[in-house]
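Structural features, examined
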Amino acid sequence: MCAMPQSDVDKRKQISIRGIAPVENVSNIKKTFNRHLHYTLVKDRNVATPRDYYYALAHTVRDHLTGRWIRTQQHYYEKDPKRVYYLSLEFYMGRTLSNTMVNLGIQSSCDEAMYQLGLDIEELEEIEEDAGLGNGGLGRLAACFLDSMATLGLAAYGYGIRYDYGIFAQKIDNGWQVEEPDEWLRYGNPWEKARPEYVLPVSFFGRVEEKDGKNKWVDTQVVFAMPFDSPIPGYGNNTVNTMRLWSAKAPNSFNLRFFNDGEYINAVCDRNLAENISRVLYPNDNFFEGKELRLKQEYFLVAATLQDIIRRFKSSRFGCKDPVRTSFDAFPDKVAIQLNDTHPSLAIPELMRIFVDIEGLSWEKAWELTVKTCAYTNHTVLPEALERWPTSLLERLLPRHLQIMYYINFLFLEEVKKKFPGDMDRLGRMSIVEEHGEKKINMAHLAIVGSHAINGVAAIHSEIIKKDTFHDFYEMYPDRFQNKTNGITPRRWLLLCNPGLSDVIAEKIGEDWVTDLYQLKKLKEFDSNENFLRTLIKVKQENKMKLTEYIKQEYNIDVNPASMFDIQVKRIHEYKRQLLNVMHIITLYNRIKKDPNKAFVPRTVMIGGKAAPGYHMAKLIIKLINTVANVINNDPIIGDKLKVVYLENYRVSLAEKIIPAADLSEQISTAGTEASGTGNMKFQLNGALTVGTLDGANVEMKEEMGDENIFIFGMTVEEVEALKKKGYNPKEYYESNGEIRQIMDQINNGYFNPDEPGLFRDVYNSLVYNDRFMLFADFDAYIKCQDRVSEVFKNPLQWSKMCLHNIASSGKFSSDRTISEYAKDIWGTDPSEFKLPAPHESPLNYDDSDSAQKK
Ligand SMILES: *Cc1c(COP(=O)(O)O)cnc(C)c1O
């Protein structure tokens, strides 16, 4: 056996929840691994790199999926359950290797196999690139939902775009964000299977030809959509669903004209134009940028996906035998389409086009089927994030769809007139077509009118939608509006990322919580068990030590692992109020400087997140954080009482390292702006306490754990509204509050950056003269609340007890609960109806190389 440092042996033995590794499995994994190293990677151990070992392991683990994947899909074909299609422009998957091992229950065997081969499995896992096909919460939600849908055994599919470049890599250079392209496919993706034989055509441009009352979309330019399938394993249930991502491919006929002109080389080069559709993810979070290429992406996804859905509907077992099925009457009984925000909402006119223009259904029938099939999830109430596409752009790119949307609007407004006679203002407010200024299609209005269910993503957000954002629509269709509070998968966000905590939980209450997170409430009975509270402290301390090492290695900053780890990681956005956090940091700094000998509860404040490349203020906020950090971290008077760390390139795999080490989670958006948040839930599940506003899912977290276990501060939604109505003047706060004035003047006068004193003038002006998100109004409450946080942190047992109550109250925030509600209230599917039997396949064994011939 290979020699390994003693400490590594110990670390390996600590893993207990993953069970013991059966000798036979370990031996098979080693054989398969060696076979892949030899035949797939064409390497021997003399020349193999760590990356080769990662790929050999990935292929080995993938082999364990294949049989289950094929059998799951066969099973769906045979049983023909209702299919759920989750359409999303983003799937923020992160890494796949460890998640697959966890869900298949082969992690301990793989661990042991790699150990016996003298390899460090954690090191191999680090080689995998994140699949960063998302911006933030919305994209990660789609990924958590896929995990839960597979774990609940739903016949579900994720449909999206296979971007060549995911969310950019963030570098911090002299305090500024610099973006680098995310070439995640550079070394190949072992988890996907290309399906070039299933390419589908997608049309753009052209014109509408009307012939005897029939409309045809003609003279279009065609781009092919090539599917790439990735397996989505459920946890311990032999289910493997499919995520199908489309890649743009130029057809051979592309730019045929040039071939005739002898412009062969140019014609081949121009194929890139078509293939650019799936080149890159738009890096905006909660912001609408009306670019033509983005509209092409949205339609590309929708057009390819709907062809696939209809093909699968028609070719189903009953579809072949029963001619009724081809009549489409059963379509809404067999198909549910969930729109992740309005990004794929062109599915509504596209489904109408297919039903009416291609399948020859009446408009009325087509509309009934479309509305029954589609459902829309709203993710934000920020006006700048709502999609409104100019009709001029739609007219060029999708002329038939524009006609259809106009007609949908015409019939809808007739309906409104009937329900609210004489209310002309209402017609203007509710129109799908916005006529003031440049003519635009309001995609949220379209999605509401074309869906049988509309949901917000936390209780408070769903109420705001009904009362405010879409109030007119709520009055029109009160039964369509629902709430589905977001959730996170406990597999990735506890079992995988925090094995230490998973183990101590399993010791007390077993492992059922992995698929039934409400089980965690059993932990409450240990809230006075000092031994257990100290065990929780020990696990947290180990996680903090690990993050401390990472920070030393990555940024060469020495953080004090005994200090409070106070963490805000999320996209950088004014509404998320990273600047309020900065104001607190500067407050602490000023206090220490004023009275260096006064007792102080030490903190390490960590902030991380990407700014959209075109978002000037967000990028300036990053620079400000780094500038302040630089002064604080190098001031000997401050010492290790206070450190500020910018966590570069925040992404799923970094979240998995940071969140288990957090003491305090910052969820401080202005009440009424954060639809749900899911980062908040990850921290709660990992035993961090929250300082937060009554916004998004924070409200429900407080309800679940009780007021005494969370630090809530600031204005409520109602108070925000009232202050806006009364007239909010931040300048008054600046003038009357000495602390606010001192902080803002330090920012404005170059206290932290004497070399470039005018640098943060825009930050100063945006707060003092506008303060759209009311930081000044919440400042005092925030500082006082943070002082309470520090007081409690002085008492480790009290703190640990609160952490325990946080963990024990996080059952509601499993995405399994969220998906069960979607299934029951929106999709009409029963998760437990179809359960797959255990696999009949024998363990893979390639050692017996001529066994196939013997058979
Ligand atoms: C969960 C998650 C988010 C969402 O965080 P919020 O605090 O809810 O905005 C964003 N990015 C990554 C990488 C995540 O894992």
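The structure this text deals with has already been given above.
Bear in mind that the values here come from a model prediction, so they are computed numbers and not experimental data.

Here we come to a negative patch on the surface. Taken together, the side chains of D468, E718, E719 and E721 define an acidic patch exposed on the protein surface. Sorting elements by how many residues they give to the negative patch places helix α30 (residues 717-726) first, with three residues. For E721, the position within the fold is in helix α30.

Moving on, we get to the pattern of salt bridges. Two side chains carrying opposite charge are able to pair once their charged atoms lie near each other. One pass over the full model with this rule turns up 59 salt bridges. When the shortest N-O distance is used, the salt bridge between K546 and E122 registers 3.6 Å. With a gap of 424 residues between them, K546 in helix α24 (residues 530-555) and E122 in helix α6 (residues 121-127) connect regions that are remote in the sequence. The residue D778 makes a salt bridge to R577 at a minimum N-O spacing of 2.8 Å. Of the two residues, D778 is situated in helix α34 (residues 775-793) and R577 in the loop between β20 (564-569) and α25 (578-594); the sequence distance between them amounts to 201 residues. Here the two residues D778 and R577 agree in accessibility, since each one is buried.

With five bridges joining them, strand β9 (residues 207-211) and strand β10 (residues 214-218) adopt antiparallel strand pairing. Bridge pairing in β10 links K211 to K214. Here β9 folds back onto β10 in antiparallel fashion, the turn holding two residues, of which D212 has a positive phi close to 30°.

With that out of the way, let us pick up the site of the ligand. Around the ligand, a shell composed of 15 residues is seen, among which K570, K576, T678, G679 and K682 lie nearest. The contact in question runs from an oxygen atom of the ligand to an N or O atom on the side chain of K570, over 2.7 Å. Residue K682 places a side-chain N or O atom 2.6 Å away from an oxygen atom belonging to the ligand. Contact with the protein chains covers 96% of the free accessible surface of the ligand, which is 390 Å². Put simply, the parts of the chain that give the shell around the ligand at least two residues each are α27 (652-658) and α28 (679-685).

Strand order in the open sheet made by the three strands is β15-β17-β16, with antiparallel pairing throughout. One side of each edge strand has no neighbouring strand; the edge strands of this open sheet are β15 (388-390) and β16 (433-434). For β16 and strand β17 (residues 440-442), the ladder comprises two bridges, and the chain directions are antiparallel. Across the sheet, the residue bridging to V433 is I441, located in β17.

Right, let's get into the packing of aromatic side chains. Scanning the model with the defined rule gives 33 aromatic pairs in all. Taking 6.1 Å as the distance between ring centres and 65° as the angle between the ring planes, the aromatic pair formed by W217 and Y299 counts as edge-to-face. In this pair, W217 is assigned in strand β10 and Y299 in helix α11 (residues 292-314), connecting sequence segments 82 residues apart. Both residues of the pair, W217 and Y299, count as buried. Each member of the aromatic cluster is reached from another via a ring pair, and the members are Y85, Y157, Y159 and W246. When the ring centre of F420 is taken as origin, the NZ or CZ atom of R426, which lies over that ring, is 3.7 Å away.

Where helix α3 (residues 50-79) contacts helix α4 (residues 97-104), the axes come no closer than 10 Å and their chain directions differ by 40°. The orientation of α3 with respect to α4, classified from their angle, is oblique. Crossing of α3 over α4 shows left-handed handedness. The residues of α4 that touch α3, namely those facing Y54, L57, A58, V61, H64, L65 and R68, are L97, T100, M101 and L104. Here the contact of α3 with α4 is composed, by residue class, of eight nonpolar, two polar and one charged.

Our focus in this paragraph is the sheet that holds strand β24 (residues 689-692). One open sheet accounts for six strands, arranged β22-β21-β20-β23-β24-β25; its pairing is parallel. Since the sheet does not close on itself, it has two edges, and those belong to β22 (642-647) and β25 (711-712), each with one partner. Judged from the two bridges that link them, β20 and strand β23 (residues 664-667) form a sheet pairing that is parallel. For D566, the partnering residue across the bridge sits in β23 and is L664.

For R571, the location among the structural elements is in the loop between β20 and α25. The buried charged residue R571 lacks any salt bridge, with D285 as its nearest oppositely charged partner at 5.1 Å. Looking at R571, its side chain comes within polar contact range of the main-chain oxygen of P283, at 2.7 Å. At 2.9 Å, the side chain of R571 and the backbone oxygen of K610 are in polar contact. In contact with R571, other than residues within four places in its own chain, are N135, G136, I167, P283, N284, D285, K576, Q578, K610, A611 and A612.

With that out of the way, let us pick up the side chain of R491. Relative to the helices and strands, R491 is located in helix α22 (residues 490-496). Sequence-distant contacts of R491, that is, excluding residues within four places in its chain, are made with N103, D147, S148, T151, Y235, L496, V514, T515 and D816.

Another point: the environment of N633. On the secondary structure map, N633 appears in helix α26 (residues 616-633). Put simply, N633 and D120 are 513 residues apart on the chain and 34 Å apart in space, counted from C-alpha to C-alpha. Residues in contact with N633, not counting those within four places in the same chain, are I557, L642, K643 and V644. Reaching out from N633, the side chain makes a polar contact with the backbone oxygen of V644 at a distance of 2.7 Å.

Okay, the state of the cysteines next. Applying the stated rule across the entire model yields zero disulfides. Here C144 stays unpaired: no disulfide links it, and the sulfur of C497, its closest cysteine neighbor, is 11 Å away. Assessed through its relative accessible area of 1%, C144 is described here as buried.

With that out of the way, let us pick up helix α33 (residues 761-768). Taken together, the buried positions of α33 are occupied by V763, Y764, S766, L767 and V768. The secondary structure elements touched by the buried residues of α33 are α25, α26, α31 (730-736), α32 (738-749) and α34.

A separate point is unusual backbone geometry. Comment: phi is negative for the bulk of residues other than glycine, and the bulk of peptide bonds are trans. Notably, D219 is not glycine yet its phi reads approximately 55°, a positive angle. With a phi close to 55°, N286 is a non-glycine residue in the positive phi region. Here N286 lies in the loop between α10 (271-275) and α11.

Procedures and definitions
- Residues numbered from 1 in each chain as written.
- Predicted model: local features only at pLDDT ≥ 70, side-chain atom pairs only at ≥ 80, totals over all residues.
- Heavy atoms only, no water.
- Patch = residues over 30% accessible without salt bridge, like charges linked within 9 Å, V, L, I, M, F, W, Y side chains within 5 Å.
- Areas by Shrake-Rupley, 256 points an atom, 1.4 Å probe, with all protein chains shown as cover.
- Salt bridge = Lys/Arg side-chain N within 4 Å of Asp/Glu carboxyl O.
- Lys, Arg positive; Asp, Glu negative; His and termini not counted.
- Charge placed at Lys NZ, Arg CZ, Asp CG, Glu CD.
- Helix = DSSP H or I, 4+ residues; strand = E, 2+ residues; numbered from the N terminus.
- Buried < 20%, exposed > 50% of the residue type's maximum accessible area, 1.4 Å probe, protein only.
- Pairing = 2+ DSSP bridges.
- Near = heavy atom within 4 Å.
- Polar contact = N/O pair within 3.5 Å; in protein donor to acceptor, adjacent residues only side chain to side chain.
- Phe/Tyr/Trp six-rings, centres within 6.5 Å; stacked < 30°, edge-to-face > 60°.
- Lys NZ or Arg CZ within 6 Å of the ring centre and 35° of its normal.
- Axes fitted to C-alpha atoms, helices over the stretch in contact; angles between N-to-C directions.
- Parallel < 35°, antiparallel > 145°, perpendicular 65-115°, else oblique.
- Left-handed = near helix turned anticlockwise from the far one by under 90°.
- Contact = heavy atoms within 4.5 Å.
- Nonpolar A, V, L, I, M, F, W, Y, C, P; charged D, E, K, R; others polar.
- Disulfide = S-S within 2.5 Å.

Purely geometric stuff here, so don't read any function into it on its own.
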